[in-house]
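What follows is each chain in one-letter form.
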Amino acid sequence: MTAPGVQHPGGAPLLEVRDLGVQPPGAAAPTCAGVSFSLAPGERVALVGPSGAGKTTLLRALNGSLPALSGRIALAGRAVDPRDPGGLRALRREIAVIPQRHDLVEGLRVSHNVMAGALGRWSGARALRFLVWPRHDELDEARAALDRVDLGHLLRARAGTLSGGQQQRVAIARALVQRPRLILADEPVASLDPEAAHGVLRLLRRLAEEAGVALICSLHQPDLAAEYFPRTLEMRDGRLIDDRTVSTQANSGATNSAVPGSAAAGAPSDGA
Amino acid sequence: MDGLASTLGFIAGFFPPDLSPAYLLALAGPVLETLGMTFGAMLLASVLSLPVGLYLGLGGPGAGVVRAVLSGVRAIPDLTLAILCVIFFGIGPGAGLTAIAVFYTAAMSKNFGDLFATAPPGPVAALRATGARPVAVALYALVPLKSRDLLTYASYEVECALRASVIIGAVGGGGLGAELVGTLNAFDFQRSTTLILVLIVLVAAIDQITLRLRARPVWLLALVPPSALALWLYLPAAPGLGFALQTVGGMFPPQLDAGDWAALPALIWETVRIAVLGTALGAALALPMGLASTRGLSPAILAVPVRRLLEALRAVPEVVFGLILVATAGVGPTAGILALGLHSGGCLGRLFAESFENVRPGPVQAVAATGARPLTVAAYATAPLALGPLAVHTLFRLEWNLRQATVVGMIGAGGIGQALFQAQQLFFYQKMMAYLLITWVLVLLVDRASAWTRRRAGWMELAPEEMAAG
């Protein structure tokens, strides 16, 4: 099940999730259970469902922030195990996260916040040197990433002085600098008015297409999911209840592979 | 090399501590005296400061004046108060108890007033609207609304008072401090070590007890009967007061001769230097130790021993470090700088670690999610996020150390405090009073400057234990 136009030789999936169960610390029961799906390289997927459906839990498990209770996750064929620190860091280099609350470090300049995306591939010494003594080519890379979100002029500003919308775009630039294979965006339009929401989703779609990066984006609104994403995963009560691919983006109504909502474990409908 | 060898020789002289049962048994007396002084004084201070705090909280007529007077008393270093009390009431726990009671009455009244002023306005206004008298408003709204805060805050103060009552012994206030000075003067250093260990254990025990009390502050009231007994035993008798007034008369007018005036700027500069360098040393020690003891950043195998070390440094007051350093390294400002630095390192180390632990988790997780190493995460998220609190804590410690620099001076660590103590020892009371007033004005100026800076920078939040006195 790949979106039209997405090429992946041999059809090997980028991400494979099998029968995943996750129970966040402090939760009485798993908030994500029996979830299975796979994702092709460069594919864009919306993850929809009401609050508490388990979308955030799933995203956090995907980048190894939460350990899996059962089942398995594999990125490009490699299994994800949060208990192995080196393996976890290697995984996280490949997956960029755009957090819901942007989560910039206010005291640092925008340039440092953006280049934080490169920390996974930089040595510790280089990371410390960049804090006090950034080189021109590094700043150029930061500016280039910021230009793609139209914030090149704010390179030197302190992150704390930015508006919420600007902070979000800096968080997006940070994800670009990471040069990931997959971007996880957690409710990027949750607190935005409709016009701004369209702007952010258009930006994410364009950037993901340009860079050939796969994107999973959790959303509240099914209509936005249908408009911007060829494929939609729907969650409810911790389970995947629907996985549909829209034949054309403009056609928001028709689905060509809809699984009726059910309580059955997992909703397998993928190309694996 | 020689200096290092002799320093190591001195340190070796403190070991092993004298842990013979006979000596430990003999220490029961001084320990009880110190505890009695602390709890008796705190009972008196609580009883006196509750009505004053309520008066301030309700904004009665002249509240501003009362507040200014309290700030003034609070700015007199506790050791200075103790010296005055020893002059008035003679050597012994009575003098120590009075000094602590006066200092903490001023401190607690002011902070109780601040607590009452922040009571939720709704219930208070509702009660006032019924036409209730201020006393009724206090009893039916302010005290119940704030009782938990009051008890929590008082439990912090008990800890501080215990440390204060130990050091007050150093100038004649009795208890463990008097015993410590005795062993140092007799070059009986192994027993000095024993006393420091006893002090660390005592502070740790009080720490644990007050920690549990803060979960259930009502149990604090169980301390009232023994405290009342101690108060009854130690409170100086009324005849002492007549003598005290007479002695105070002899201190006026304060006077310095021409030579003293000429030497004054150098003395003040030395005190400021002790405070600034002591704070810098403390912060320099605290940064690596704070990072090493931060939960979630540092492995337990490193964090736990460092945390114990910080506790030990905190448990030994500046003056006790000062007494030891003056006895071993000699009289002078170096002893003062080291004394302030070691204790500040312990206090700041814990506060730094807490600041690192309390940063917003979101940005830290966001940086960690890029696959960055733990040290890089600390440099790009934890440290920049904690910079504000770190600066607040260090600034507050500097303010505190400016006060303490005069105090350690009084036991021979240089600066204006040393001049004050010498004048007292030689019975030059007019000169002593002059130095006391100068010290007091200095501390008041520092208080004002620090409060102004914090207000400007928007750094108003302090941990309760910092509010409680350091």
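These numbers come from a predicted model, not from an experiment.

## Section: the overall build of chain A
- Scanning chain A from N- to C-terminus turns up eight helices and 10 strands.
- Considering chain A as a whole, with its 272 residues, one finds that 50% of them fall into the buried category.
- Taking contacts inside chain A between residues at least 6 apart in sequence as the whole, the part at least 24 apart equals 69%.
- Here chain A displays about 11,700 Å² of accessible surface, and carbon together with sulfur accounts for 51% of that area.

## Points about the sheet that holds strand S6 (residues 95–98) of chain A
Residues and elements named next belong to chain A.
- With mixed pairing, the six strands of this open sheet are ordered in space as S6-S7-S8-S3-S9-S10. Looking at strand neighbours, the two that pair on one side only are S6 and strand S10 (239–245), the edges of this open sheet. Each strand of the sheet is rotated relative to its neighbour by a mean of 20°, with strand direction disregarded.
- In the sheet, strand S3 (residues 44–48) pairs with strand S8 (residues 214–219) via five bridges, with the strands oriented parallel. Residue pairing for S8: Val 45 is matched across the bridge by Ile 216.
- Strand contacts of helix H1 (residues 55–62): S3, S6, strand S7 (182–185), S8 and strand S9 (231–236), with the helix running at about 155° to S8, the strand carrying the most contacts.

## Observations regarding the domain arrangement of chain B
All names here are of chain B.
- Domain annotation of chain B identifies domain 1 (18–249) and domain 2 (251–467).
- Of note, the centres of domain 1 and domain 2, computed from C-alpha atoms alone, are 22 Å apart.
- Contacts between the two partners involve 33 residues from domain 1, matched on the other side by 30 residues from domain 2.
- Carbon and sulfur atoms make up 79% of the area that domain 1 and domain 2 hide from each other, which totals about 2,900 Å².
- The tally of links from domain 1 across to domain 2 stands at zero salt bridges.
- If you look at where domain 1 meets domain 2, you find two residue pairs in polar contact (both at pLDDT 80 or more).
- Those elements that provide at least two residues to the side of domain 1 that touches domain 2 are helix H4 (63–74), helix H5 (78–89), helix H8 (134–168), helix H9 (175–185), helix H10 (189–215) and helix H12 (238–250).
- Counting residues per element, the side of domain 1 that touches domain 2 draws most heavily on H5, at seven residues.
- Here the side of domain 1 that touches domain 2 is built from residues that sort into 24 nonpolar, six polar and three charged.

## Details of unusual backbone geometry
- One non-glycine residue with positive phi stands out, namely Asp19(A), at about 50°.
- Structurally, Asp19(A) can be placed in strand S1 (residues 15–22).
- Residue class for Asp19(A) comes out partly exposed when judged on its relative accessible area of 46%.
- One non-glycine residue with positive phi stands out, namely Phe427(B), at about 60°.
- When you line up the elements, Phe427(B) lands in the loop between helix H19 (415–425) and helix H20 (429–457).

## Considerations on the sheet that holds S1(A)
Residue and element names in this part refer to chain A.
- Sheet architecture is open: four strands sit in the order S2-S1-S4-S5, paired in antiparallel fashion. The open sheet has two edge strands with one neighbour each: strand S2 (32–39) and strand S5 (78–79).
- Summarising the sheet, S1 and strand S4 (residues 70–75) pair through five bridges and their orientation is antiparallel. Across the sheet, residue Gly 21 finds its bridge partner in S4, namely Ser 70.
- Lying over the sheet, H1 contacts S1, S2 and S4, oriented at roughly 120° with respect to S1.

## Notes on the interface of chain A and chain B
- Taken together, the contact between chain A and chain B spans 26 residues of the former and 18 residues of the latter.
- Ranking the residues of chain A by area buried against chain B places Arg89(A), Val105(A) and Leu119(A) at the top, with a combined share of 29%.
- Linking chain A with chain B are five residue pairs in polar contact (both at pLDDT 80 or more), by the criterion used here.
- Listing elements by their share of the side of chain A that touches chain B, those giving two or more residues are helix H2 (85–94), S6 and helix H4 (124–132) of chain A.
- A per-element tally of the side of chain A that touches chain B places H4(A) first, with five residues.
- The class makeup of the residues in the side of chain A that touches chain B is 13 nonpolar, seven polar and six charged.

## Some remarks on the pattern of salt bridges
Residues and elements named next belong to chain A.
- The final tally for this structure, using the stated rule, is 29 salt bridges over all chains.
- Between Arg 179 and Glu 141 there is a salt bridge, with the nearest N and O atoms lying 3.2 Å from each other. Of the two residues, Arg 179 sits in the loop between helix H6 (164–177) and S7 while Glu 141 sits in helix H5 (residues 136–148), which places them 38 residues apart along the sequence.
- Since its relative accessible area comes to 56%, Arg 179 is described here as exposed.
- A single salt-bridge network, built from bridges that share partners, covers Arg 126, Arg 129, Arg 135, Asp 137 and Glu 138.

## A word on the pairing of S7(A)
Residue and element names in this part refer to chain A.
- In S7, alternate side chains face the same way, and those of Leu 182 and Leu 184 on one face and Ile 183 and Ala 185 on the other are all buried.
- Relative to S8, S7 runs parallel, the two being bridged by four bridges. Residue pairing in the sheet places Ile 183 in a bridge with Leu 215 of S8.
- In terms of handedness, the path from S7 via helix H7 (residues 194–211) over to S8 forms a crossover that is right-handed.

## Remarks on the pairing of S1(A)
- Bridging between S1(A) and S2(A) involves five bridges; their strand directions are antiparallel. Bridge assignment links Leu15(A) to a residue of S2(A), and that residue is Leu39(A).

## Structural notes on the nonpolar core
- Tyr104(B), Val319(B), Val320(B) and Met432(B) are the most contacted members of the largest nonpolar core, which has 111 residues in total.
- Of the residues forming this core, the biggest block, 15 residues, is contributed by H8(B).
- Residues lining this core come from more than one domain, with at least three contributed by each of domain 1 (18–249) and domain 2 (251–467) of chain B.
- Once residues lying within four places of it in the same chain are set aside, the contact partners of Val319(B) are Leu79(B), Ile167(B), Ala170(B), Val407(B), Val408(B) and Ile411(B).
- Ala118(A), Leu215(A), Ala225(A) and Val377(B) belong to the second-largest nonpolar core, a separate cluster that totals 69 residues.

## Remarks on a nonpolar patch on the surface
- Taken together, Leu8(B), Ile11(B) and Phe15(B) make up a surface patch of nonpolar side chains, about 310 Å² in accessible area.
- Residue position: Ile11(B) is located in helix H1 (residues 2–12).

## A few points about the packing of aromatic side chains
- Following the criterion strictly, the structure yields four aromatic pairs over all chains and no others.
- Measuring from centroid to centroid gives 5.2 Å for Trp122(A) and Phe130(A), while their planes differ by 65°, and the two rings are edge-to-face. Assigned by exposure class, Trp122(A) and Phe130(A) land together as buried.
- Ring geometry for Phe187(B) versus Phe189(B): centroids 5.9 Å apart, planes at 75°, classification edge-to-face.
- Given the relative accessible area of 62%, Phe187(B) is considered exposed.

## Brief notes about the confidence of the model for chain A
Residue and element names in this part refer to chain A.
- Summing up the model confidence of chain A, the mean pLDDT is 84 and the portion of residues at 70 or higher is 87%.
- A low-confidence stretch, residues 1–9 stays under pLDDT 50, and its non-local contacts, those more than four residues away or across chains, total 20 contacts.
- This model gives residues 249–272 a pLDDT under 50, and the stretch forms 46 contacts once residues within four places in sequence are excluded.

## With respect to helix H17 (residues 361–368) of chain B
- H17(B) sits mainly inside the fold: six of its eight residues count as buried.
- Listed in full, the buried residues belonging to H17(B) are Gly362(B), Pro363(B), Val364(B), Ala366(B), Val367(B) and Ala368(B).
- On its buried face, H17(B) is in contact with H2 and H6 of chain A together with helix H18 (374–409) of chain B.

## A word on the side chain of Ser49(B)
Residue and element names in this part refer to chain B.
- With respect to the helices and strands, the residue Ser 49 is situated in helix H3 (residues 28–58).
- On the accessibility criterion, Ser 49 (0% relative accessible area) is buried.
- Setting aside residues up to four positions removed in sequence, Ser 49 forms contacts with Thr 105, Met 108, Ser 109 and Phe 112.

Basis of the calculations
Residues numbered from 1 in each chain as written. Chains lettered and ligands numbered in written order. Predicted model: local features only at pLDDT ≥ 70, side-chain atom pairs only at ≥ 80, totals over all residues. Heavy atoms only, no water. Helix = DSSP H or I, 4+ residues; strand = E, 2+ residues; numbered from the N terminus. Buried < 20%, exposed > 50% of the residue type's maximum accessible area, 1.4 Å probe, protein only. Contact = heavy atoms within 4.5 Å. Areas by Shrake-Rupley, 256 points an atom, 1.4 Å probe, with all protein chains shown as cover. Pairing = 2+ DSSP bridges. Axes fitted to C-alpha atoms, helices over the stretch in contact; angles between N-to-C directions. Domains from an automatic or database assignment. Buried area = accessible area lost by both parts, 1.4 Å probe. Salt bridge = Lys/Arg side-chain N within 4 Å of Asp/Glu carboxyl O. Polar contact = N/O pair within 3.5 Å; in protein donor to acceptor, adjacent residues only side chain to side chain. Nonpolar A, V, L, I, M, F, W, Y, C, P; charged D, E, K, R; others polar. Right-handed = clockwise from strand over helix to strand, strands pointing away. Core = buried A, V, L, I, M, F, W, Y, C linked by side-chain atoms within 4.5 Å. Patch = residues over 30% accessible without salt bridge, like charges linked within 9 Å, V, L, I, M, F, W, Y side chains within 5 Å. Phe/Tyr/Trp six-rings, centres within 6.5 Å; stacked < 30°, edge-to-face > 60°. pLDDT = per-residue confidence, 0-100.

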